[in-house]
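This is what each chain is made of:
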Amino acid sequence: MAETMDQIFVILKHWLVAHSPVEVQPVVAAILSVVAIIVVFASLFAATTILERKGLGRFQNRYGPNRVGPYGLLQPLADGLKSLTKEDIVPHAADKVVHLVAPLLLVVAAFLGYAVLPIGRNMVAVNLDAGVLYFFAAGSIVELAIFMAGWSSRNKYSLLGAMRAIAQMISYEVPLILSAMVVIMTVGSLSTVAIVERQAGYTGIWPHWFVLTPWGFAGFVLFMIAATAESNRSPFDLPEGESEIIAGYYIEYSGFKFALFFLGEYIGMFAISGLAITMFLGGWSAPFSFLNWIPSYLWFFGKLFTLIAMFIWVRSTLPRLRMDQLMNFAWKFMLPMALLNLVTAGVWRFMPSGAIRWLVCAILIVVPYILLGRGLMRSNKLEKRIYQFAE
């Protein structure tokens, strides 16, 4: 019974494909996978918006949305209808074609990554040998979409916001990929399915998740920090800094086009969180061996909701960084730590098992963390400002 519940969606897909003509079965299988991904994660986007607004309300000692539907649960529906009916205003000087294509390209790029994410046992749209490489390659299209949005608007604030966003995303993409490299080195494969299968075993009741190793824990923390910056989430939401550049690269967007940017940001956040689950948290595997009877896809979405809650918590807690702090943190702390973590993973691989291996790898991570952190704090020491005025 447990096996059937775990594979219910796989069985249903195979049944639907088998009842279609042989000539179009590959196309039907692809369409079913795409439709399932879009429906599930678009629904998750709607649920997350209401959860985030309710959560932020609690953090800030207020109610949050409570007017539309019971307890405000229909607020996402009202927001969607509002965005569909609002006027679409396009600047007279804007490049209208590029202005239209930019939000569409951003949403498509955000959805492409789900093709290689194993959401459950045997539940992956495409099992590519280079799945991780494909994920990062598809994600890089987002930078192009953001630049198109800022440039096509013919607005200096839009362009400045786009340049900020691109600089930030490129800067944090480097430690993001390097932190994922430790897993690729350990598994010896770029396949997301192979990475999850490597973590699916148990020692007693304890799982073989990479996050439970010194290099895996450090890699997971670095990955999530970089993922927060890649997703333009607080405290790294400088591209839409309303106190400086009004609304960033989408200031000239309204109506449904603006809603597409909003959707793309959340879909991208879900995708990068799904990759973190795949790389470090065992993917669809259970946290203890005696819980394997629970369907694998429920574990994946349980972990995903946990990471979403963490994003909401961080947003409500930390203030926005300055641009210089953002870039210094990426290049002076994140990048050296990610490189040192590669060395730590290599040491872990070739040292014999035991307490000594844990101690050596912990030292290789903790000591640079303290030294780099102190160096970063020393360089940010505030000094008396001297203002020079033009004569």
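Residues numbered from 1 in each chain as written. Predicted model: local features only at pLDDT ≥ 70, side-chain atom pairs only at ≥ 80, totals over all residues. Heavy atoms only, no water.

**Points about the environment of L212**
- Along the polypeptide, L212 turns up in the loop between β2 (206–207) and α10 (214–230).
- Separated by 58 residues in sequence, L212 and F270 have C-alpha atoms that sit 22 Å apart. (Helix = DSSP H or I, 4+ residues; strand = E, 2+ residues; numbered from the N terminus.)

**Re the nonpolar core**
- With 72 residues, the main nonpolar core has F41, F223 and F270 as its most contacted residues.
- Top element by residues in this core is helix α12 (residues 255–280). It accounts for 13 residues.
- Other than its neighbours up to four places away in sequence, F270 contacts F41, L44, F45, T48, Y114, L304 and I308.
- Counting 16 residues, the second-largest nonpolar core is a separate cluster that includes A102, A109, M148 and Y250. (Core = buried A, V, L, I, M, F, W, Y, C linked by side-chain atoms within 4.5 Å. Buried < 20%, exposed > 50% of the residue type's maximum accessible area, 1.4 Å probe, protein only. Contact = heavy atoms within 4.5 Å.)

**Thoughts on the packing of helix α7 (residues 141–152) against helix α8 (residues 156–187)**
- Look at α7 against α8: their axes get within 7 Å of each other, and the N-to-C directions meet at 165°. Taken as axis vectors, α7 and α8 run roughly antiparallel relative to one another. Considering only the axes of α7 and α8, their crossing is left-handed. Where α7 abuts α8, its residues V142, E143, I146, F147, G150 and W151 lie against S158, L159, A162, M163, A165, I166, M169, I170 and E173.
- Tallied by class, residues from the contact of α7 with α8 come to eleven nonpolar, two polar and two charged. (Axes fitted to C-alpha atoms, helices over the stretch in contact; angles between N-to-C directions. Parallel < 35°, antiparallel > 145°, perpendicular 65-115°, else oblique. Left-handed = near helix turned anticlockwise from the far one by under 90°. Nonpolar A, V, L, I, M, F, W, Y, C, P; charged D, E, K, R; others polar.)

**Focus: the side chain of S171**
- Here S171 lies in helix α8.
- Exposure remark for S171: the relative accessible area of 4% places this residue in the buried category.
- One polar contact links S171 to W331, side chain to side chain, over a distance of 3.2 Å.
- Discounting chain neighbours no more than four positions away, the residues touching S171 are M327, A330 and W331. (Polar contact = N/O pair within 3.5 Å; in protein donor to acceptor, adjacent residues only side chain to side chain.)

**Observations concerning a nonpolar patch on the surface**
- Residues V24, V27, I31, V35 and V39 make up a contiguous nonpolar surface patch of roughly 400 Å² in combined accessible area.
- Looking at the secondary structure, you find V35 in helix α3 (residues 25–59).
- Looking at V35, the relative accessible area reads 44%, which means it is partly exposed. (Patch = residues over 30% accessible without salt bridge, like charges linked within 9 Å, V, L, I, M, F, W, Y side chains within 5 Å. Areas by Shrake-Rupley, 256 points an atom, 1.4 Å probe, with all protein chains shown as cover. Salt bridge = Lys/Arg side-chain N within 4 Å of Asp/Glu carboxyl O.)

**A closer look at the packing of aromatic side chains**
- Across all of its chains, the model carries 20 aromatic pairs by this definition.
- For the ring pair F41 and Y114, a centre distance of 4.2 Å and an interplane angle of 35° mean the geometry is tilted. Here the residue F41 occupies a position in helix α3, and Y114 occupies one in the loop between α5 (96–112) and α6 (131–139), the gap between them amounting to 73 residues. The exposure classification of F41 matches that of Y114, with both residues buried.
- Here a set of aromatic residues connected by ring pairs shows up, and it is made of F41, F111, Y114, F300 and F301.
- Note that R349 overlies the ring of F350, its terminal NZ or CZ placed 5.3 Å from the centroid.
- Against the face of W348 rests R357, its NZ or CZ located 3.8 Å from the ring centre. (Phe/Tyr/Trp six-rings, centres within 6.5 Å; stacked < 30°, edge-to-face > 60°. Lys NZ or Arg CZ within 6 Å of the ring centre and 35° of its normal.)

Interpretation note: all reported values are geometric properties and have no functional meaning in isolation.
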